[in-house]
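Overview (structure and organization)
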Amino acid sequence: MLTQEANDRYSRVGPGTAMGELMRRYWHPIAAVSQMNDKATKKIRLLGEDLILYKDRSGTFGLVEPHCAHRRMNMIYGIPEASGLRCPYHGWLYDETGQCIEQPYEETEDPDARFKDKIQMKAYPVEEKAGLLFAYMGPQPAPLVPNWDVFAADGVLRDIGYAELPCNWLQCQENSLDPVHLEWLHVAWANYIREQNDELTELKTIRAHKVIHFDNFEYGIIKRRIWAGGSEDDTEWKDGHPIIFPNMLRQGSDGFNLEGSRRWTFKLGPAFQIRVPIDDYTTGHWWVACYPMIDGDVAQKPEDIPYYNPPVPMLSDDDQPVFPILRSNSGQDVAAWITQGNIADRTGEHLGRSDKGIIQFRQMLEENIRLVEEGQDPICTFRNPETNKYIPFMTEQANYANVSSRQGAAMMYSPILDAREAASTVHAK
């Protein structure tokens, strides 16, 4: 178990907190580019701060504090200009750095007035990659946005999913360091869910974990397992499953498959789950997947990458589980995370041998918090473009993510297929 002080240290992400300062050393996705196709402004909350994302008429994105520095009108109502966002109250115009670049009346009174040069709103840099908009809230100079394989692979199609979860980011991420839950949450409980859904022909066979192990590597932790009846020759042990520090799970397996209707099956391409701390009590959960292009596919522009919102498991009006939404791994995971509470009370937990990965991850959190406190970069910080060209990962199916791979990530619950098809015109013939 953790003390309350330690639990707060690893879970709370606001300005000035230990974890908040660590998280501010990384780029975080805040929106899909396609979400801004029909709007100029969007409310954003990240690491406990309220902000406004905007797109000006040149296509430049900015992320600024929500209230104009003049009379504090909210910039969600801002007017996009050729360069920057204009407050509709008195016309003050700000660029993507937060610098005020026009003050119409002030300049009418005195064309040589330099008052605007003194006005600077809080602003954070925004970069686009793989159809996502990333923000960086830490000290300058900012590191590079990592060219992880899922983001940087050529010759692929992508899609992006997002759900806002009423729980702290850490219980989402710690789930990825817990392999043994697979046989219970995703098999035993999954079978019970299938019974409730009258899907008895789809029951799974329970396999017990024989050995689990975790290796630190340069980007995080590799999770390994041997099933009962298995051996060290199995891909789950040899290749393992990478957890990318601090808040990502890299997924991938063989079995990329499209049916004749072009409807995606549960086996998808190389993917990330990204657990973004919105604040102490809310997580923005992103699913980002890519797929090898096949005949007839058209290369995507960032603004054309499909975006979807999977349903979040909730109890019914009479406080009973809604079983159809719980029928696959992601629905089951989310149910486990959110029922631990807004912030899991780790002062009451009792860790066992199966929790060695969680203990190892918390040690890694502490080590990197201390690096930041000492003025150093934490792991997964890239500043040299030569080391950030393309960063591939081996997964449990012994394949890299590249244009020839046919990996897949165990994906979500059945309602998501309809959401993804509805979102996509690129993937449908």
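Residues numbered from 1 in each chain as written. Predicted model: local features only at pLDDT ≥ 70, side-chain atom pairs only at ≥ 80, totals over all residues. Heavy atoms only, no water.

**Overview of the nonpolar core**
Of all hydrophobic cores here, the largest spans 70 residues; its most connected members are M19, L53, L63, L133, W148, F151 and F272. The biggest single contributor to this core is helix α9 (residues 356–373), with six residues. When near neighbours in sequence (up to four residues on either side) are disregarded, L63 contacts I30, I44, L51, I52, L53, Y54, K122, A123, Y124, V126 and A135. Among the nonpolar cores identified, the runner-up in size contains twelve residues, and I52, Y54, V64 and C68 belong to it. (Core = buried A, V, L, I, M, F, W, Y, C linked by side-chain atoms within 4.5 Å. Buried < 20%, exposed > 50% of the residue type's maximum accessible area, 1.4 Å probe, protein only. Helix = DSSP H or I, 4+ residues; strand = E, 2+ residues; numbered from the N terminus. Contact = heavy atoms within 4.5 Å.)

**Quick look at the packing of aromatic side chains**
In this structure the tally under the stated criterion is 16 aromatic pairs. The interplanar angle of 75 degrees and the centroid separation of 6.5 Å between the aromatic rings of F272 and F393 together place this pair among those described as edge-to-face. Within this pair, whereas F272 is found in strand β18 (residues 271–279), its partner F393 is found in the loop between α9 and β21 (407–408), the two being separated by 121 residues in sequence. What makes F393 buried here is its relative accessible area of 3%. Three or more aromatic residues joined by ring pairs make a cluster, and in this case those are F134, W148, F151, F217, Y219, F272, F382 and F393. (Phe/Tyr/Trp six-rings, centres within 6.5 Å; stacked < 30°, edge-to-face > 60°.)

**Quick word on a negative patch on the surface**
Together, E106, E109, D110 and D112 line one region of the surface with negative charge. Along the polypeptide, D112 turns up in the loop between α3 (104–109) and β9 (123–124). Judged by its relative accessible area of 61%, D112 is exposed. (Patch = residues over 30% accessible without salt bridge, like charges linked within 9 Å, V, L, I, M, F, W, Y side chains within 5 Å. Areas by Shrake-Rupley, 256 points an atom, 1.4 Å probe, with all protein chains shown as cover. Salt bridge = Lys/Arg side-chain N within 4 Å of Asp/Glu carboxyl O. Lys, Arg positive; Asp, Glu negative; His and termini not counted. Charge placed at Lys NZ, Arg CZ, Asp CG, Glu CD.)

**Quick notes on the sheet that holds strand β1 (residues 27–32)**
Read across the open sheet, the three strands follow the order β1-β11-β10; overall the sheet is antiparallel. Edge strands, defined here as strands with exactly one partner in the open sheet, are β1 and β10 (126–129). Ignoring strand direction, the axes of neighbouring strands in this sheet form an average angle of 35 degrees. Direction of pairing for β10 relative to strand β11 (residues 132–136): antiparallel, over a ladder of four bridges. Each bridged residue has a counterpart across the sheet, and for E128 the counterpart in β11 is L133. (Pairing = 2+ DSSP bridges. Axes fitted to C-alpha atoms, helices over the stretch in contact; angles between N-to-C directions.)

**Quick notes on helix α6 (residues 181–196)**
A190 marks the point of greatest bend in α6, at about 35 degrees. Looking at the buried positions of α6, the neighbouring elements they touch are α5 (169–175), β13 (209–217) and α8 (329–338). Residue D198 follows α6 closely and has a positive phi angle near 60 degrees. (Bend = angle between axes of the 7 residues up to and from the residue.)

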